[in-house]
Amino acid sequence: ENDYRGNESFKNGGSPLVPFANRIRGKFDEKARTIETTVGGKTVKLPANWKGKNPGAEPHSMHGLILGEPLKVTTRDSKERRAFVEATYEKAFAGEWPGQMAIKCAAELDASSFTLTITAKNTGSEPLPMGIGWHPYFNIPSGDRKQAKLLIPGKTRALVDNYDNVFPTGETEPTAGSKFDFREARAMGDQFLDDCFFDLIRTADGTITAEIHDPKSGFKYVVTSKSKDIKAYQCYAPVDKSFIVLEPQYNIGDPFNTKIWHDRDTGIVMLGAGQETTYDATIRLAKI
C-alpha cells in the first residue's frame, strides 16, 4: 500500500519500462510529488518516484509510467516445455506525457530461454515520444560475484555526477582501454557499476549480445536483442550483492535534457499517428 507508482515492480526485477527508461529530471513540486519538464516539446508533469539516499538528493522520475499498472491478459498457452502469455495496455497520458499509446507485451519461456517482446503504437493524432526498456536481475548461480564476468558491447559510457543521483552530465568517454571496457568478457572483481553504455556493437544481422559468465557454476546468461531501436545498456552491479542488473533499452538517461545532450541522439523514438516500434530481448542459459 505504500508503493508509490509501482516502484516495487522494478526493484523486484523484470519490469517493462515504458514510455521511457532510466531517469528524467525536472522542477520538483513537493506537494504534488511531481517534476515539471519538457518532453517532445510539451510541458509535462511526471511522478517524482525516485531519489538518491544521500541528504538533499534530488527527486526525479524513473523507469516510465506503467510500473504500477495492470495489463490485460489476452492469450495464455502452456505446454510441457513451453509457456506463452500476451497482454495489452492502453493509456492516454493526461498531462504526464504527450500523446496516447497502446502496448502489447508477449513473454515466452521454454527449457533454455526466455523472450520478451513489447510493441508500442501511437493511437493518438499527435507525435508520441517513446523509449522502452526492461529491468531484469540476474542472480549469479555460484553466489561469487568477484569471479563473475561481464560482457557489454558498448563503445561509449555516459558520465554521471555521482553514483547516488546517477544523473548524466552530458559528457561521455570511450570504454576502450578503461576499467569500463567490457567488450570482451572480463571479471567484475570489486568494481561497482551503475552505468549506461551505448554506441553498441552489432553483428552482421543486427543482433546485440551481452553476457554474464559464472565460471564457478559453469553457466552463463546470454542476452540478445535485435530491435534496431535499442541504443543502450544500463548495468547496475553492486559489490556486496550476488546479482547483476542488465537492461537493454532505447534511451540513455535524462534523454530530453538538451542542455547536456544538445543535438545528440538520445535513443527516443518519435512515433507519428498510427506508427509503432517493437522491443525484443531474449535470455538464454548456456554452458561456458
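Because the structure is a prediction, the values reported are computed rather than measured. (Residues numbered from 1 in each chain as written. Predicted model: local features only at pLDDT ≥ 70, side-chain atom pairs only at ≥ 80, totals over all residues. Heavy atoms only, no water.)

Novice: Is there a simple way to explain the sheet that holds strand β10 (residues 113-122) in this structure?
Specialist: Strands pair in a sheet through their backbones, by hydrogen bonds, and they do so in one of two ways: parallel or antiparallel. Strand order across the open sheet formed by nine strands is β7-β8-β9-β10-β24-β20-β19-β14-β17, with antiparallel pairing between neighbours. Two strands in the sheet have a free side with no partner beyond their single neighbour: β7 (72-79) and β17 (186-187). Looking at chain direction, strand β14 (residues 149-151) and β17 are connected through two bridges and run antiparallel. Bridge pairing in β17 places Leu 150 opposite Arg 186. (Pairing = 2+ DSSP bridges. Helix = DSSP H or I, 4+ residues; strand = E, 2+ residues; numbered from the N terminus.)

Novice: Which parts of the structure should I look at to understand the packing of aromatic side chains?
Specialist: Geometry of an aromatic ring pair is reported as the spacing of the ring centres plus the angle between the planes. Tallied over the entire structure, the rule returns 11 aromatic pairs. With centroids separated by 6.4 Å and ring planes inclined at 80 degrees, the aromatic side chains of Phe 182 and Phe 197 adopt a geometry described as edge-to-face. One end of the pair, Phe 182, is in the loop between β16 (168-174) and β17; the other, Phe 197, is in strand β18 (residues 193-200), with 15 residues separating them in the sequence. Per residue, the accessibility class of Phe 182 equals that of Phe 197, and both read buried. By the ring-pair criterion, three or more aromatic residues cluster together here, those being Tyr 137, Tyr 163, Phe 192, Tyr 236 and Phe 243. The ring of Phe 180 has Arg 157 sitting right over it, with the charged end atom 3.6 Å from the ring centre. (Phe/Tyr/Trp six-rings, centres within 6.5 Å; stacked < 30°, edge-to-face > 60°. Buried < 20%, exposed > 50% of the residue type's maximum accessible area, 1.4 Å probe, protein only. Lys NZ or Arg CZ within 6 Å of the ring centre and 35° of its normal.)

Novice: Looking at this structure, how should I read the pattern of salt bridges?
Specialist: Oppositely charged side chains can pair when the atoms bearing their charge come close. Counted by the stated rule, this structure contains 15 salt bridges. With a closest N to O distance of 3.0 Å, Lys 11 and Glu 8 form a salt bridge. Linking Lys 11 with Glu 8, this pair stays in helix α1 (residues 7-11), spanning three residues, or about one helical turn. Owing to a relative accessible area of 34%, Glu 8 belongs among the partly exposed residues under this scheme. Here Glu 211 makes a salt bridge to Lys 220, at a shortest N to O gap of 4.0 Å. (Salt bridge = Lys/Arg side-chain N within 4 Å of Asp/Glu carboxyl O.)

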